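For reference, the chains in residue letters:
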Amino acid sequence: AGKGKGPERKALTLERTKGSEILFGVAPCWLALSRARRALFRLFLKEQRGGPGRPVRAELALQAAARGVPVLHVPGRALDALCRGRPHQGVCLEAAPLPFRSLRDAEEPRHAESGAPQVLWLVLEHIQDPMNLGALLRSAYFLGVDRVVATRGNSCPLTPIVSKASAGAMEVFDVYSTDDLQGFLKAKSAEGWEVVGTVSRPEDVEDVPVISCSEFQWDKPLIVVIGSEGQGLSLETQLQCQQMLAIPPGRALHPGLDSLNVSVAAGILLHSICSQKRRHGD
């Protein structure tokens, strides 16, 4: 075992493609391979003699071969080093980073036509925790959000940790960014979209009406804006919202335990809104 250690380590470190990153976990690697939205360099699979998980890795190797991506079978410790001890499930993929998409390049959906389905965009202001960003993308994809837009500045980039936390949703779901959130929201309002913010403490909001998410009526193209983990929505962004949505608590809350995790809150709010889509039409 000691004899092969040097060359093996050399192969893993010396040939790393400049500017690449390491995706880890079955779902992110599988979806990155199947969608091929980014440049893919090498697939690393844990050496294994039988046991659970082997058919999945065989499928991944076939997928990589179909894409012309080299496959290396390496010891588990090499995978641990590649992804710095994160939960790789025996799979890592060397790939180019996945950037945010520019709203300037986006095709505008034709939402204004008569009989068009309801449209829902989720806008994220300064989400900095990659685990939260991943969970938000996973929920948005699952619940049927049409587009996600994040602020470019002071926000978490689309990293491998985000992809893992999203269960790979980041690999299939375009995430757009904007440098001018207030200008973007103002423009969408002028086009006839409804812009609603979210708030955990209704008493913190001034000059914008606050309603329970269960009272909200979805009857026009909609943007839901979610604020950062600690601060919530900035005042400038709140003032671009026609109303704010709150989740009513189920008990008298202990001081210091008076809010929800941002991704959990977003899931509840989005489900409350999206349930109207299922009730009202095709």
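Residues numbered from 1 in each chain as written. Predicted model: local features only at pLDDT ≥ 70, side-chain atom pairs only at ≥ 80, totals over all residues. Heavy atoms only, no water.

1. Regarding the sheet that holds strand β12 (residues 243-246)
Judged by pairing direction, the sheet is parallel, and its eight strands sit side by side in the order β5-β8-β7-β6-β11-β9-β12-β10 without closing on themselves. The strands lining the two open edges of the sheet, one partner per strand, are β5 (101-102) and β10 (210-212). Contacts from helix α5 (residues 130-143) reach β6 (120-124), β7 (147-151) and β8 (175-178) within the one sheet, and its direction differs from that of β6 by about 175°. (Pairing = 2+ DSSP bridges. Helix = DSSP H or I, 4+ residues; strand = E, 2+ residues; numbered from the N terminus. Contact = heavy atoms within 4.5 Å. Axes fitted to C-alpha atoms, helices over the stretch in contact; angles between N-to-C directions.)

2. Topic: the layout of surface pockets
Rolled over the atoms, a probe with the dimensions of a water molecule shows which regions are left empty. Looking at the largest pocket, its volume works out to about 690 Å³. Forming the walls of the largest pocket are 32 residues, and the residues nearest its centre are Val199, Ser200, Arg201, Ser259 and Leu260. Breaking the lining of the largest pocket down by element, the ones donating at least two residues are β12 and α10 (262-280). Of the residues contributing to the lining of the largest pocket, the split by class is 17 nonpolar, 11 polar and four charged. (1 Å grid on protein atoms, 1.4 Å probe; cavity = no way out; pocket = protein on both sides within 12 Å on 5 of 7 lines; lining within 4 Å. Points joined across faces, edges and corners; volume = space filled by probe spheres on them. Nonpolar A, V, L, I, M, F, W, Y, C, P; charged D, E, K, R; others polar.)

3. Structural notes on the nonpolar core
Counting residues in hydrophobic clusters, the biggest one holds 36 residues, and the most contacted among them are Leu120, Leu122, Leu124, Val148 and Ile226. Looking at this core, the elements that each hand over two or more residues are β6, α5, β7, α7 (169-172), β11 (222-226) and α10. Broken down by element, this core gets its largest block of residues, six residues, from α10. (Core = buried A, V, L, I, M, F, W, Y, C linked by side-chain atoms within 4.5 Å. Buried < 20%, exposed > 50% of the residue type's maximum accessible area, 1.4 Å probe, protein only.)

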